[in-house]
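Per-entry structural report
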Amino acid sequence: MSLSVALDIDPGIDDALAVALALRSSEIRLELVTTVAGNGPLEMTTRNALRVLHYLGAGHVPVAPGAPSPLSKPFHGALEYHGSDALADLDLPEAQKEPDPRPAHQLLFEFASAAPGERVVVATGPLTNIAIAFQRYPEMPTLLRELVIMGGAFGLTGYGTGNHTPVAEFNIWQDPEAAAIVFGSGARIAVVGLDVSNDPSTALDSTNLAKLRAGVTPFSRLAADLTGYAVARHSVCALHDPLALAVVLDRSLFGFAEGRVTVHTAGDEQQGRTILLAGAQEDSAIPLTAVAAAVEGARFKKLFLSRILED
Ligand code: RIB
Ligand code: CA
């Protein structure tokens, strides 16, 4: 029986690659996509989610737009990395459908409450939608089997430093208030931070790109175009978001440290800094957060490439 998964995303090159991986993974069934302002403005990330699903033959998956801006910090974006359309300037064909008229937080709650304790949300953008859903529906955190987050930099490896500032990872930096709400919600949470997703062994290089370019499906074509854009500018294509999804696909790829996660929310030079207070917790009713501290990068890339290249 495959696991029902919802993706909360801000596509975004690596978000789009995570959607492709999700659609090629038989362990899970992608049932919902919600979008958030992050790598690009909300209308851009929503349009990109619709176009990617359409291009990959998954136009049946509902797409619900969420928050157009962080809870309180100003919207910033990351078009300088992801391209002027936030999707490697690919200009994919437009989807043949509109976004769902219902808001992301409502559909996320309905997704979770349809099968209490059985479903997983993977959040690979700023956590604004998740925080709004948890505030609007206080029972939602405990309805989820797990919430997997791409975000944070915890200093657990040499790669665990910031990418938007020296101390903060972009998703958390963009909406630290939302992150603090989510990490304090009592949900069962697993986190993939830059500690593992900036590990060079997890990024696609020019050799991997050549393999993708030899592929013959829309999945390999899209992955080759997205990867090619990043490799041309940065020598590699980081797979932050596919790595977060991989926690659901094969948890044995990772080693985890457990504890409480704190987030610096003030709008100063520490904004978005995440700290893992490892070890015992004061309230055993609240699950500890599992933060990825190690990854088998080569085995992860093999999983990613084999599924994307499958005919
Ligand atoms: O810091 C990397 C994260 O920020 C990734 O999820 C990327 O897509 C951006 O959202
Ligand atoms: Ca993302």
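What comes next is a walk through the structure.

Brief notes about the side chain of Asn 208
Take Asn 208: it is sitting in helix α10 (residues 206-213). Owing to a relative accessible area of 7%, Asn 208 belongs among the buried residues under this scheme. A distance of 2.8 Å separates a polar atom in the side chain of Asn 208 from a polar atom in the side chain of Lys 301. Apart from residues lying up to four places away in sequence, Asn 208 is in contact with Ala 203, Lys 301 and Leu 305.

Re helix α13 (residues 297-309)
Its 13 residues place the ends of α13 18 Å apart at the C-alpha level, agreeing with the 18 Å of an ideal helix rising 1.5 Å per residue. Residues of α13 that are buried include every one of Gly 297, Phe 300, Lys 301, Leu 303, Phe 304, Leu 305, Arg 307 and Ile 308, and no others. Check the buried side of α13 and you find it contacts α1 (13-23), α10, α11 (218-234), α12 (240-249) and β9 (289-295).

Section: the coordination of the calcium ion (ligand 2)
The protein atoms donating to the calcium ion (ligand 2) are Asp 10 (OD), Asp 15 (OD), Asp 15 (OD), Thr 124 (O) and Asp 241 (OD), with metal-donor distances spanning 2.2 to 2.6 Å. Donor residues for the calcium ion (ligand 2), ordered by position in the chain, follow D-x4-D-x108-T-x116-D. Taken together, the positions of Asp 15 in helix α1 and Thr 124 in the loop between β4 (120-123) and α5 (128-136) put the pair 109 residues apart, joining distant regions of the chain. Taking relative accessible area as the criterion, Thr 124 reaches 2% and is therefore assigned buried.

Some thoughts on the site of ligand 1
In the neighbourhood of ligand 1, the contacting residues comprise Asp 10, Asp 14, Asp 15, Asn 39, Thr 124, Met 150, Asn 163, Glu 169, Phe 170, Asn 171, His 240 and Asp 241. The separation between an oxygen atom of ligand 1 and a polar side-chain atom of Asp 14 is 2.6 Å. Within the complex, the protein chains bury 96% of what would otherwise be the 280 Å² of accessible surface of ligand 1. If you list the elements that add at least two residues to the shell around ligand 1, you get α1, α7 (170-174) and α12. Of the residues assigned to the shell around ligand 1, the class counts are two nonpolar, five polar and five charged.

A few points about the sheet that holds strand β5 (residues 146-150)
Spatially, β3-β2-β1-β4-β5-β6-β9-β7-β8 is the arrangement adopted by the nine strands of the open sheet, whose pairing is mixed. At either end of the open sheet lies a strand with only one pairing partner, and these are β3 (63-65) and β8 (274-278). Direction aside, neighbouring strands of the sheet carry axes that sit 30° apart on average. Both strand β2 (residues 28-35) and β3 contribute to a ladder of three bridges, which runs parallel. Within the sheet, the bridge partner assigned to Val 33 lies in β3 and is Val 63.

Notes on the packing of aromatic side chains
Scanning the model with the defined rule gives three aromatic pairs in all. Aromatic pair Phe 300 and Phe 304: ring centres 6.5 Å apart, planes at 40°, arrangement tilted. Of the two residues, Phe 300 and Phe 304 both sit in helix α13, four residues apart, roughly one turn of that helix. Against the face of Phe 219 rests Arg 24, its NZ or CZ located 4.1 Å from the ring centre. The residue whose ring lies beneath Arg 251 is Phe 256, and the NZ or CZ to ring-centre distance is 5.1 Å.

Quick look at the packing of α1 against α12
Two packed helices can be described by the angle between their axes and the distance between those axes. Between α1 and α12, whose axes approach to 7 Å, the crossing angle comes to 30°. One finds that α1 runs roughly parallel with respect to α12. Judged by residue contacts, Asp 14, Asp 15, Leu 17, Ala 18, Leu 21 and Ala 22 of α1 engage His 240, Asp 241, Pro 242, Leu 245 and Leu 249 from α12. Taken together, the residues of the contact of α1 with α12 sort by class into seven nonpolar, one polar and three charged.

Criteria and thresholds
- Residues numbered from 1 in each chain as written.
- Chains lettered and ligands numbered in written order.
- Predicted model: local features only at pLDDT ≥ 70, side-chain atom pairs only at ≥ 80, totals over all residues.
- Heavy atoms only, no water.
- Helix = DSSP H or I, 4+ residues; strand = E, 2+ residues; numbered from the N terminus.
- Buried < 20%, exposed > 50% of the residue type's maximum accessible area, 1.4 Å probe, protein only.
- Polar contact = N/O pair within 3.5 Å; in protein donor to acceptor, adjacent residues only side chain to side chain.
- Contact = heavy atoms within 4.5 Å.
- Expected span 1.5 Å × (residues − 1).
- Donors = N, O, S within 2.8 Å, 3.2 Å for Na, K, Ca; no water.
- Near = heavy atom within 4 Å.
- Areas by Shrake-Rupley, 256 points an atom, 1.4 Å probe, with all protein chains shown as cover.
- Nonpolar A, V, L, I, M, F, W, Y, C, P; charged D, E, K, R; others polar.
- Pairing = 2+ DSSP bridges.
- Axes fitted to C-alpha atoms, helices over the stretch in contact; angles between N-to-C directions.
- Phe/Tyr/Trp six-rings, centres within 6.5 Å; stacked < 30°, edge-to-face > 60°.
- Lys NZ or Arg CZ within 6 Å of the ring centre and 35° of its normal.
- Parallel < 35°, antiparallel > 145°, perpendicular 65-115°, else oblique.

Purely geometric numbers; function is a separate question.
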